[in-house]
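Okay, here's what each chain looks like letter by letter:
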Amino acid sequence: MEIDSKQFREFGKAAIDILADYFENIRERDVLPSVEPGQLINEMPDEAPEQPEDWRIILKEFNEMILPNTTHWHSPQFHAYYPTGNSYASIIGNLLSDGIGIVGFTWIASPVCTELEVVTMNWLGKLLGLPKEFLNCSSGPGGGIIQGSASEATLVGLLAAKDRMIRKLIKDDPNLDPDDLRNKFVAYTSDQCNSSVEKAGVLGSMRMRLLKSDSFAKLRGETLKKAFEEDISKGLIPCYVVANLGTTGTCAFDPLYELGPVCKKYNVWLHVDAAYAGSAFICPEYRGWLKGIEYVDSFDVNAHKWLLVNFDCSAMWVRDGYDLINAFDVQRIYLDDVKTCQKIPDYRHWQMPLGRRFRSLKLWTVMKTYGAEGIEKLY
């Protein structure tokens, strides 16, 4: 039996009451559930229910079976991995996004999905102190997009870097074989990097060198330069570098002002993984870590970590959006790009999936609810 609007109101209000009670009393719960692997699988029926079940039964089983198997990431006693964002404002934004239920792969598929993302990414980029070249509101080709995770952002950057390098080399020498070039590309990062950075090399079919960091867990410019020279002498081609601003394991900050000039000299794409600690740049006193940002091609920070936005909401900015478009543009008659003299991106060219969730709505509700001043006070 399909839920009607009356039952939907009752079901929804009861669910919100459960969540409000959950957050009010989360301190009293054990962070880690006292369960064994496979326990929920064994407790659940083998088959889906044959007949419709009342929403009250569903919420009862949520309390009795789902919550007891939950690791409570938002408990004040949770100290594993990294902080993850959450707020009532973000939950409401997610609820509204799910309710509208759009799939915003092109502008016309839902104009607000694209344009609110442009607006909120400009807002957030300004709050973080990013150069105007990264913002969609600038006159240049830069702009921001919300990816699902920093893992996606790193892989998108790697694939775009590969495409850009191939186009440059073939322009210089049209006789080169693209497949032969791809086999020679090398990516570089610190041995302190997140596992997702190394995984990007696996998924993007590019060898990834984890370079030794110094005693402060930083990747130094001289180390990178030496690695470039070693590989070039072997006939390999440096293509992509991932610098870290706040590593997951040690919260180390790589010096962009050292790595950037090396990348520029060799025409290598420099991506910044600031997923963990980048949100702190909202406070001007932390922006010294951004020294050298002028050399960066792409920059990513997880708004779903310190910015009260529920997972998933990874904010990525690029200096030149055409690098992404050139790499990912695939046309179909049902996917016409927006025809306008105004600078509006078709984000399907800026990511791996075609479909897009309305993630900017929860970012918008958070920024509207707290304001820049309220968010700064978090730090």
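See the structure printed just above.
Below, the structure is looked at part by part. What you are looking at is a predicted structure, and each value in this text was computed from that prediction instead of being measured. (Residues numbered from 1 in each chain as written. Predicted model: local features only at pLDDT ≥ 70, side-chain atom pairs only at ≥ 80, totals over all residues. Heavy atoms only, no water.)

## A closer look at the overall build of the chain
The number of helices and strands found in the chain is 13 helices and 7 strands. For the chain, the C-alpha radius of gyration of 23 Å lies close to 21 Å, the compact-globule estimate for 379 residues. Along the three orthogonal principal directions, the C-alpha set of the chain runs to about 70 × 55 × 45 Å. Taken over 379 residues, the chain has a buried fraction of 46%. Contacts in the chain between residues at least 24 apart in sequence constitute 73% of all its contacts with a sequence separation of at least 6. When the accessible surface of the chain is split by element, carbon and sulfur atoms take 55% of a total near 19,500 Å². One finds the centroid of the 41 positive side-chain charges in the chain at a distance of 8 Å from the centroid of its 51 negative side-chain charges. (Helix = DSSP H or I, 4+ residues; strand = E, 2+ residues; numbered from the N terminus. Rg over C-alpha atoms; globule rule 2.2 N^0.38 Å. Buried < 20%, exposed > 50% of the residue type's maximum accessible area, 1.4 Å probe, protein only. Contact = heavy atoms within 4.5 Å. Areas by Shrake-Rupley, 256 points an atom, 1.4 Å probe, with all protein chains shown as cover. Lys, Arg positive; Asp, Glu negative; His and termini not counted. Charge placed at Lys NZ, Arg CZ, Asp CG, Glu CD.)

## Comments concerning the nonpolar core
Core analysis: the biggest nonpolar cluster contains 49 residues, and Leu224, Leu245, Phe299 and Trp317 have the highest contact counts within it. Within the second largest apolar cluster, 30 residues are counted, among which are Ala153, Leu158, Ala160 and Val318. (Core = buried A, V, L, I, M, F, W, Y, C linked by side-chain atoms within 4.5 Å.)

## Quick word on the environment of Gln51
Topologically, Gln51 is positioned in the loop between helix H2 (39-43) and helix H3 (55-66). Distance from Gln51 to His304, taken between C-alpha atoms, is 38 Å for residues 253 residues apart in sequence.

## Quick word on unusual backbone geometry
Residue Asp312 follows Phe311 across a cis peptide bond; omega there is 15 degrees. Here Asp312 lies in the loop between helix H11 (303-306) and strand E7 (314-318). In this model, Ala217 sits at a positive phi of 65 degrees, which is unusual for a non-glycine residue. Despite not being glycine, Asn267 has its phi angle at roughly 60 degrees, a positive value.

## A closer look at the pairing of strand E1 (residues 143-147)
In terms of burial, E1 is a largely internal element, 5 of the 5 residues being buried. Neither face of E1 is open: one carries Gly143, Ile145 and Gln147, the other Gly144 and Ile146, and all of them are buried.

## With respect to empty space enclosed by the protein
Summed over the entire model, instances satisfying the criterion amount to 1 cavity of 30 Å³ or more. Every residue lining the largest cavity is listed: Leu124, Ile282, Leu307, Val309, Leu363, Val366, Met367 and Ile375. Of the residues belonging to the lining of the largest cavity, the class tally is 8 nonpolar, no polar and no charged. (1 Å grid on protein atoms, 1.4 Å probe; cavity = no way out; pocket = protein on both sides within 12 Å on 5 of 7 lines; lining within 4 Å. Points joined across faces, edges and corners; volume = space filled by probe spheres on them. Nonpolar A, V, L, I, M, F, W, Y, C, P; charged D, E, K, R; others polar.)

## Topic: helix H12 (residues 321-328)
Of the residues making up H12, those classed as buried are Gly321, Asp323, Leu324 and Phe328. An end-on view of H12 places all buried positions within 160 degrees of arc, on one side of the element. At the N-terminal end of H12, a side-chain oxygen is found 3.0 Å from the backbone nitrogen of Tyr322, two or three residues along, and the residue is Asp320. (Arc of directions from axis to C-beta. Polar contact = N/O pair within 3.5 Å; in protein donor to acceptor, adjacent residues only side chain to side chain.)

## Structural notes on the sheet that holds strand E3 (residues 207-211)
Working definition: the strands of a sheet are paired by backbone hydrogen bonds and lie parallel or antiparallel to each other. Read from one edge of the open sheet, 7 strands run E1-E7-E6-E5-E4-E2-E3, paired in mixed fashion. Edge strands, defined here as strands with exactly one partner in the open sheet, are E1 and E3. Pairwise comparison of adjacent strand axes, ignoring direction, gives a mean angle of 20 degrees for this sheet. (Pairing = 2+ DSSP bridges. Axes fitted to C-alpha atoms, helices over the stretch in contact; angles between N-to-C directions.)

## Section: the environment of Gly235
With respect to the element layout, Gly235 can be found in the loop between helix H9 (221-233) and strand E4 (237-244). Accessibility expressed as a relative area gives 38% for Gly235, which makes it partly exposed. C-alpha of Gly235 to C-alpha of Tyr276: the two residues are 41 residues apart in sequence and 35 Å apart in space.

## Observations regarding the packing of aromatic side chains
Note on aromatic pairs: each is described by the distance of the centres and the angle between the planes. Tallying each qualifying case throughout the model produces 13 aromatic pairs. Through successive ring pairs, a cluster of aromatic residues spans Trp73, Phe78, Tyr81 and Tyr82. Here Lys291 stacks its cationic end above the ring of Tyr257, 4.8 Å away from the centre of that ring. Its end group placed over the ring of Tyr82, Lys305 keeps NZ or CZ at 4.2 Å from the ring centre. (Phe/Tyr/Trp six-rings, centres within 6.5 Å; stacked < 30°, edge-to-face > 60°. Lys NZ or Arg CZ within 6 Å of the ring centre and 35° of its normal.)

## Here's the deal with the side chain of Arg356
Structurally, Arg356 is set in the loop between H12 and helix H13 (360-376). By relative accessible area, Arg356 is classed as buried at 4%. Within the structure, the side chain of Arg356 is placed 2.8 Å from the side chain of Glu117, a separation counted as a polar contact. Discounting residues that sit within four places of it in the chain, Arg356 has contacts with Ile102, Val103, Gly104, Phe105, Glu117, Ile145, Ile146, Tyr347, Arg348 and Gln351.

## Re the packing of H9 against helix H10 (residues 256-265)
Here H9 crosses H10 at 25 degrees, and the two axes come no closer than 8 Å. Considered as vectors, H9 and H10 are oriented roughly parallel to each other. Taken as a pair, H9 and H10 cross one another with a handedness that is right-handed. Of H10, the residues touching H9 (which contributes Gly221, Leu224, Lys225 and Phe228) are Glu258, Leu259, Val262, Cys263 and Lys265. (Parallel < 35°, antiparallel > 145°, perpendicular 65-115°, else oblique. Left-handed = near helix turned anticlockwise from the far one by under 90°.)

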